[in-house]
Amino acid sequence: MLAAIEVAVENAVATVTLNRPAERNAMTLAMWQDIARIFDELGGDAGVRAIILTGAGGNFSVGADVAEFGKVRSNLAESAAYEVAVDASSDAIAAAPKPVIAVLEGYCLGGGCHLAMPCDFRFAHTSASIGIPAAKLSIVYGIRSTQRLLALVGLSNAKRILYAAERFAAVEAKRMGFVDRVSSDPMSEAKAFAADVAALAPLSVAGAKRILNGLAMGEGALDLEAAQAFIDFVSDSDDYREGRAAFAEKRRPAFKGR
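Since we're looking at a predicted model, the values are computed, not measured.

Caption draft 1: Geometry of the layout of surface pockets. In this structure, the largest pocket encloses a volume near 630 Å³. Lining the largest pocket we find 27 residues, and of these A94, K209, N213, G214 and M217 sit closest to its centre. Elements with a contribution of two residues or more to the lining of the largest pocket: α3 (76-95), β6 (121-125), α5 (143-164) and α8 (202-216). Counting residues per element, the lining of the largest pocket draws most heavily on α8, at 6 residues. Looking at the lining of the largest pocket residue by residue, the classes come out as 16 nonpolar, 2 polar and 9 charged. By volume, the second largest pocket is sized at about 440 Å³. As for the second largest pocket, its lining consists of 27 residues, and the residues nearest its centre are A64, G110, G111, L137 and I139. Looking at the lining of the second largest pocket, the elements with two or more residues in it are α3 and α4 (111-116). The greatest single-element share of the lining of the second largest pocket, amounting to 4 residues, is contributed by α3. Looking at the lining of the second largest pocket residue by residue, the class counts come to 15 nonpolar, 6 polar and 6 charged.

In structure tokens form, the structure reads like this:
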């Protein structure tokens, strides 16, 4: 049996693939839990400098596997536990100190958007279809995901997306700010971009990601003391000394992430 989520690493770039193509990569509770674990592990892997998140079979994800809700989300207690697992997955993506690029093809709906939004970038195929149909199921979209949506698209567009439960073409999603790039080959573009970023100073990327994500999540989300401590740490790091030396010697720096 194929794994529901596959991970491959090549040239310091990890590719995480949702792998239930027959179900359009609908997310089971076990998959939400696995995403949290996988991104925690990749975040701590010094051999990984960038991460691509995508789906198999021409779709990113149609969202949560509603077919299993009767078993895993049938009452208040189960719903609360389910939301904890869902939030843990997106928090792990956001917390990974590496750039994460979502490659969106086909459907990116509901829970698929939940996975895409904490990524640092979203590269979409021209035919991608994006939306959050929570209002069709009488579900209130989670607070953390709604905050991420608001940070990406602004108040008016966030209301439109959540109130109307519409599906948007990739070009419209880009206009709203949900998508960063639209092309006929988003995976190739994502790999090229990931390779470029992977060659840069990983501590700089990690610090920028921590600060920007914290600021985007609203007042109090960023631990100012921890952020300043990380800035100070990097200012006295081997990578900073290597960057200065490489600049003076007019050569490409060899960053080690320490």
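Caption draft 2: Looking closely at the pattern of salt bridges. For the structure on display, the rule yields 16 salt bridges. Between R160 and E172 there is a salt bridge, with its nearest N and O atoms 3.0 Å apart. Linking R160 in helix α5 with E172 in helix α6 (residues 170-176), this pair joins segments that are 12 residues apart in sequence. Taking the shortest distance from any N to any O, the salt bridge between E249 and R251 comes out at 2.6 Å. Salt bridges linked by common partners bring R160, E166, E172 and R175 together as one network.

Caption draft 3: Quick look at unusual backbone geometry. Its identity is not glycine, yet N11 carries a phi of approximately 55 degrees, on the positive side. With respect to the helices, strands and loops of the structure, N11 is situated in the loop between β1 (5-10) and β2 (13-18). Residue classification places N11 among the exposed positions, given a relative accessible area of 68%. Although it is not a glycine, K250 adopts a positive phi angle of roughly 55 degrees. Topologically, K250 is positioned in the segment after α10 (238-249). K250 gets classed as exposed once you look at its relative accessible area, which sits at 76%.

Caption draft 4: Examining the pairing of β6 more closely. Across the 5 residues that make up β6, a large majority, 4, are buried. Sheet topology places strand β4 (residues 100-104) next to β6; 4 bridges connect them, and they run parallel. Across the sheet, residue V103 finds its bridge partner in β6, namely F123. Across 3 bridges, β6 lies against strand β9 (residues 181-183) in parallel orientation. Among the inter-strand pairings, H125 is bridged to a residue of β9, identified as S183.

Caption draft 5: Local environment of the sheet that holds β4. One open sheet holds the 6 strands; their spatial order is β1-β2-β3-β4-β6-β9, and the pairing between them is mixed. Each end of this open sheet is capped by a strand with a single partner; those strands are β1 and β9. Here the average twist between neighbouring strands, direction ignored, is 20 degrees.

Caption draft 6: Molecular detail of the packing of α8 against helix α9 (residues 224-235). The N-to-C vectors of α8 and α9 enclose an angle of 165 degrees; their axes lie 10 Å apart at closest approach. By the criterion of interaxial angle, the relationship of α8 to α9 is roughly antiparallel. Read as a crossing pair, α8 and α9 show a hand that is left-handed. Two secondary-structure elements touch here, α8 through L203, A206, G207, R210 and I211 and α9 through A226, A227, F230, I231, F233 and V234. Of the residues in the contact of α8 with α9, the class split is 9 nonpolar, 1 polar and 1 charged.

Procedures and definitions
- Residues numbered from 1 in each chain as written.
- Predicted model: local features only at pLDDT ≥ 70, side-chain atom pairs only at ≥ 80, totals over all residues.
- Heavy atoms only, no water.
- 1 Å grid on protein atoms, 1.4 Å probe; cavity = no way out; pocket = protein on both sides within 12 Å on 5 of 7 lines; lining within 4 Å.
- Points joined across faces, edges and corners; volume = space filled by probe spheres on them.
- Helix = DSSP H or I, 4+ residues; strand = E, 2+ residues; numbered from the N terminus.
- Nonpolar A, V, L, I, M, F, W, Y, C, P; charged D, E, K, R; others polar.
- Salt bridge = Lys/Arg side-chain N within 4 Å of Asp/Glu carboxyl O.
- Buried < 20%, exposed > 50% of the residue type's maximum accessible area, 1.4 Å probe, protein only.
- Pairing = 2+ DSSP bridges.
- Axes fitted to C-alpha atoms, helices over the stretch in contact; angles between N-to-C directions.
- Parallel < 35°, antiparallel > 145°, perpendicular 65-115°, else oblique.
- Left-handed = near helix turned anticlockwise from the far one by under 90°.
- Contact = heavy atoms within 4.5 Å.

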